[in-house]
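Below are the chains, spelled out letter by letter.
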Amino acid sequence: MKHTTLISYLLTAILIFPLTACTQQLPASSATTNSTSNISSPHIVRYPSTADYTFLVGKINELTKTENGMAEIELRSGDLSDVDLSDSYDLLLEAAFDSKTVWPDSLPNGFDPNAVMELYKDPGLNVKSLHHKGITGKGIGIGIIDQPLLVEHEEYKDQLAYYEEDETIQHEENGNIFYEDASMHGPAVASIAVGKNTGVAPEATLYYIGENFVTIDTEDHSPLASALNQLLDLNKNLPTANKIRVISISWGNENKNRKGYDEYMSALARAKEEGVFVLTTSLEQREGFQLNGLGKKPLADANDFNSYKPCRWYPEHTSNRLSAPMDYRCIASPTGSSDYVVYPQGGWSWVMPYLAGTYALACQVKPDITPDEFWKVALETSVTNDASLPGIINPCGIIDTLEK
């Protein structure tokens, strides 16, 4: 496994593995289906339960560093009402927190959690200026294969046309099937791609299949192959106006020794043949497209290219390596349909849906664009900022070039 793949896999593992829960119970006869015939829109096979993250922190009386891969300080759904934070400004800038975090009165000057959330919702790099011109991904389908989704979240519920799951997110016990709750990962990637406030392509149509990446990674790749084929089968029956042009999979730990590897490779080959761009964290190994995620200065303007800095865990940036935002984002939380969460540190898991959203914008203005053409234009229009950081994706530059 190449070094880049290992790093992206490890960070994704940190983001996913600790937060899996199964609470929703249905009769054993209520199995999910992967049929794509006679599908109505929206097609929602299940409404996963909201996640409860109060166990992560609980009620505390002091801040403790956690180093969990997303933040130095874990404060999601925690009760901080008894903590004196008046001198904790720098620590709070590196804290993960959400809409259910209970704050004390003693906050440091200049730190307003609600204002921070609003600031970090912006996808950045002047994407919203494209939205104001009507370039929103409208008429373009984006597929996502990821962990269970909170389908009713306000960020993407209106864009969601199709939600299915497979057997990896359920287990049977005493004649009942237990399903996983909504994950932290699914709402995050969906909102980065198509979120109405946080997304790159807020009017793209979302087609989503829920998976368990732990099973896929450690046991069997075939469910991922089946999900990919399911989206491609669905695509055959979609109207031209809403065809799936890109599929985002925030995973990339392919292993030739795993069951289902050949099936997954065949599904990827089929997608390529059918003109669907599949983005995974192993894109460089599969297609030669080099990528990375961008670090960022806290509280800095996400639309200023000079706010970005090298990736903190893989600081390799060249003019041939396209980099997209991933740090200091506020995105959809699984804890409630109007809840949000701030993650100071991101991973390539956040880069995939950002690139997928950008590709959807490109497809809107140039319907016959190919992945090769997109990547070539994206590199040619990428920005080197004043700190000599090269390869920063420039969505406006891409669109301007394609519109000529």
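This text follows the structure it describes.
Our subject in this report is the structure included herewith. (Residues numbered from 1 in each chain as written. Predicted model: local features only at pLDDT ≥ 70, side-chain atom pairs only at ≥ 80, totals over all residues. Heavy atoms only, no water.)

Right, let's talk about unusual backbone geometry for a bit. In terms of backbone geometry, most residues other than glycine have negative phi values and most peptide bonds are trans. With a phi close to 65 degrees, asparagine 126 is a non-glycine residue in the positive phi region. Relative accessible area serves as the criterion here: at 28%, asparagine 126 is assigned to the partly exposed category. Unlike most non-glycine residues, tyrosine 328 shows phi in positive territory, near 50 degrees. For tyrosine 328, the position within the fold is in the loop between strand 14 (322-325) and strand 15 (329-332). Taking relative accessible area as the criterion, tyrosine 328 reaches 3% and is therefore assigned buried. (Buried < 20%, exposed > 50% of the residue type's maximum accessible area, 1.4 Å probe, protein only. Helix = DSSP H or I, 4+ residues; strand = E, 2+ residues; numbered from the N terminus.)

Time to look at the nonpolar core. What tends to happen in soluble globular proteins is that the nonpolar side chains get buried as a cluster. Core analysis: the largest hydrophobic core is formed by 74 residues, its most contacted members being Ile142, Phe277, Trp350, Leu355 and Trp375. With twelve residues, the top contributor of residues to this core is helix 11 (residues 348-365). Formed by 25 residues, the second largest nonpolar core is a distinct cluster that contains Ile216, Ala227, Ile244 and Ile247. (Core = buried A, V, L, I, M, F, W, Y, C linked by side-chain atoms within 4.5 Å.)

It is worth spelling out the packing of helix 12 (residues 371-380) against helix 13 (residues 395-403) at this point. Contact geometry for helix 12 and helix 13: axes closest at 9 Å, N-to-C directions at 120 degrees. In terms of orientation, helix 12 lies oblique with respect to helix 13. Every pair of crossing elements has a handedness; the one defined by helix 12 and helix 13 is right-handed. Contacts from Glu373, Phe374, Val377 and Ala378 in helix 12 reach Ile398, Thr401 and Leu402 in helix 13. In terms of residue class, the contact of helix 12 with helix 13 is made up of five nonpolar, one polar and one charged. (Axes fitted to C-alpha atoms, helices over the stretch in contact; angles between N-to-C directions. Parallel < 35°, antiparallel > 145°, perpendicular 65-115°, else oblique. Left-handed = near helix turned anticlockwise from the far one by under 90°. Contact = heavy atoms within 4.5 Å. Nonpolar A, V, L, I, M, F, W, Y, C, P; charged D, E, K, R; others polar.)

Moving on to the environment of isoleucine 399. Among the structural elements, isoleucine 399 can be located in helix 13. Sequence separation of isoleucine 399 and glutamine 364 is 35 residues, and the distance between their C-alpha atoms is 9.5 Å. With residues near it in sequence (within four places) discarded, isoleucine 399 still touches Leu130, Ile135, Leu361, Ala362 and Val365.

Strand order in the open sheet formed by three strands is 13-12-14, and the pairing between neighbours is mixed. The open sheet has two free edges, formed respectively by strand 13 (308-309) and strand 14, since each of these has just one partner strand. By the bridge criterion, two bridges tie strand 12 (residues 291-296) to strand 13 in an arrangement that is antiparallel. Counted as the bridge partner of glycine 295 is lysine 309 from strand 13. (Pairing = 2+ DSSP bridges.)

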